[in-house]
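# Overview (structure and organization)
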Amino acid sequence: MFSWFDKSKRRAKRAQKIELRGDLEAAAELYLEAELLDDVARVLLLRADSETNITKRLAFCAQALRVAPETAHGALAKKRKAAISFDLAKAAGAATMQTELLRVGAELEACEEWAKAAEAYVLANDEEGEIRALKSGGLIEQLEKRLRLSGAEARHSRDRSQL
């Protein structure tokens, strides 16, 4: 009788063969059965790479993140999902809801994508979020520029109220 470890090892070998043949969906299922979560996430990211539909690409990244959040490929999925979400929000422009932009900004911050997070916060008109992301990323030049702009806006507002 085969032990669980032997079954897992056989599934992993079958998954590798199937992956090499290009059947990524079946390979991911076998890796999942073998409890090789990082491999599942890796294959899901390969599926995302091959996908031309951006919504499906985003879904594969989200699925890879859900399956293996604590693995190397799970971390990569998290970054890619945040980047795709940001690109979609940016492309939608004014049609994007502020709450969606704030969520994307938070995702980008969690991935330490400071410049993109700051940009998402700018699009959401969240000055605090923008400044926080710039500080966290050590993006001093952009931070100084933002603080100068904030100071100028405050002076302009104060001058208008005194008139």
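Before going into details, it helps to say that this report is about the structure given with it. (Residues numbered from 1 in each chain as written. Predicted model: local features only at pLDDT ≥ 70, side-chain atom pairs only at ≥ 80, totals over all residues. Heavy atoms only, no water.)

Before going further, it helps to spend a moment on helix H3 (residues 37–50). Residues spaced three or four apart along an α-helix point in a common direction, a consequence of the helix completing one turn every 3.6 residues. Over its 14 residues, H3 extends 20 Å from the first C-alpha to the last, a length consistent with the 20 Å expected when each residue adds 1.5 Å. All buried positions along H3 are accounted for by Val40, Ala41, Val43, Leu44, Leu45 and Ala48. (Helix = DSSP H or I, 4+ residues; strand = E, 2+ residues; numbered from the N terminus. Expected span 1.5 Å × (residues − 1). Buried < 20%, exposed > 50% of the residue type's maximum accessible area, 1.4 Å probe, protein only.)

Further remarks concern unusual backbone geometry. One non-glycine residue, Glu35, adopts positive backbone phi at about 60°. Position of Glu35 relative to the elements: it lies in the loop between helix H2 (24–33) and H3. On the basis of relative accessibility, which here comes to 52%, the residue Glu35 falls in the exposed class. Backbone geometry places Glu112, a non-glycine residue, at a positive phi of 60°.

Counting across every chain of the model gives 11 salt bridges. The shortest N-O distance in the salt bridge between Glu100 and Arg103 comes to 2.4 Å. Here Glu100 pairs with Arg103, and both are found in helix H6 (residues 98–110), just 3 residues apart, close to one helical turn. Exposure remark for Glu100: the relative accessible area of 29% places this residue in the partly exposed category. Classification of Arg103 by relative accessible area gives partly exposed; the value is 33%. The network of salt bridges with common partners includes Lys81, Glu100, Arg103 and Glu107. (Salt bridge = Lys/Arg side-chain N within 4 Å of Asp/Glu carboxyl O.)

All buried positions along helix H7 (residues 114–123) are accounted for by Ala117, Ala118, Ala120 and Tyr121. Viewed end-on, H7 has its buried residues packed into an arc of 160°, placing them on one side of the element. Phi turns positive, to about 60°, at Asn125, one or two residues after H7. (Arc of directions from axis to C-beta.)

The next subject is the nonpolar core. By size, the foremost hydrophobic cluster in this structure holds 19 residues, and its most contacted members are Tyr31, Val43, Leu44, Leu45, Cys61 and Ala64. For this core, the element with the highest residue contribution is H3, accounting for 6 residues. For Tyr31, the residues in contact, after removing those within four places along its chain, are Ala12, Ala15, Gln16, Glu19, Leu36, Asp39, Val40, Arg42 and Val43. Counting 13 residues, the second-largest nonpolar core is a separate cluster that includes Ala82, Ala117, Ala120 and Tyr121. (Core = buried A, V, L, I, M, F, W, Y, C linked by side-chain atoms within 4.5 Å. Contact = heavy atoms within 4.5 Å.)

Attention now goes to the packing of H6 against H7. Where H6 contacts H7, the axes come no closer than 8 Å and their chain directions differ by 165°. As the angle between them shows, H6 and H7 are arranged roughly antiparallel. Once H6 is placed against H7, the crossing between them reads as left-handed. Packed against H6, whose contacting residues are Leu101, Leu102, Gly105, Ala106, Leu108 and Glu109, the element H7 presents Trp114, Lys116, Ala117, Ala120, Tyr121 and Leu123 at the interface. Looking at the contact of H6 with H7, its residues break down into 9 nonpolar, 1 polar and 2 charged. (Axes fitted to C-alpha atoms, helices over the stretch in contact; angles between N-to-C directions. Parallel < 35°, antiparallel > 145°, perpendicular 65-115°, else oblique. Left-handed = near helix turned anticlockwise from the far one by under 90°. Nonpolar A, V, L, I, M, F, W, Y, C, P; charged D, E, K, R; others polar.)

This brings us to the packing of helix H5 (residues 72–92) against H6. It is the contact of H5 with H6, at a shortest axis distance of 9 Å, that shows an interaxial angle of 150°. Considering the angle they form, H5 stands roughly antiparallel to H6. Considering how the two elements wind past one another, H5 and H6 form a crossing that is left-handed. Here Lys78, Lys81, Ala82, Ala83, Ser85, Phe86 and Ala89 of H5 come into contact with H6, specifically with Leu101, Arg103, Val104, Glu107, Leu108 and Ala110. Here the residues of the contact of H5 with H6 sort into 8 nonpolar, 1 polar and 4 charged.

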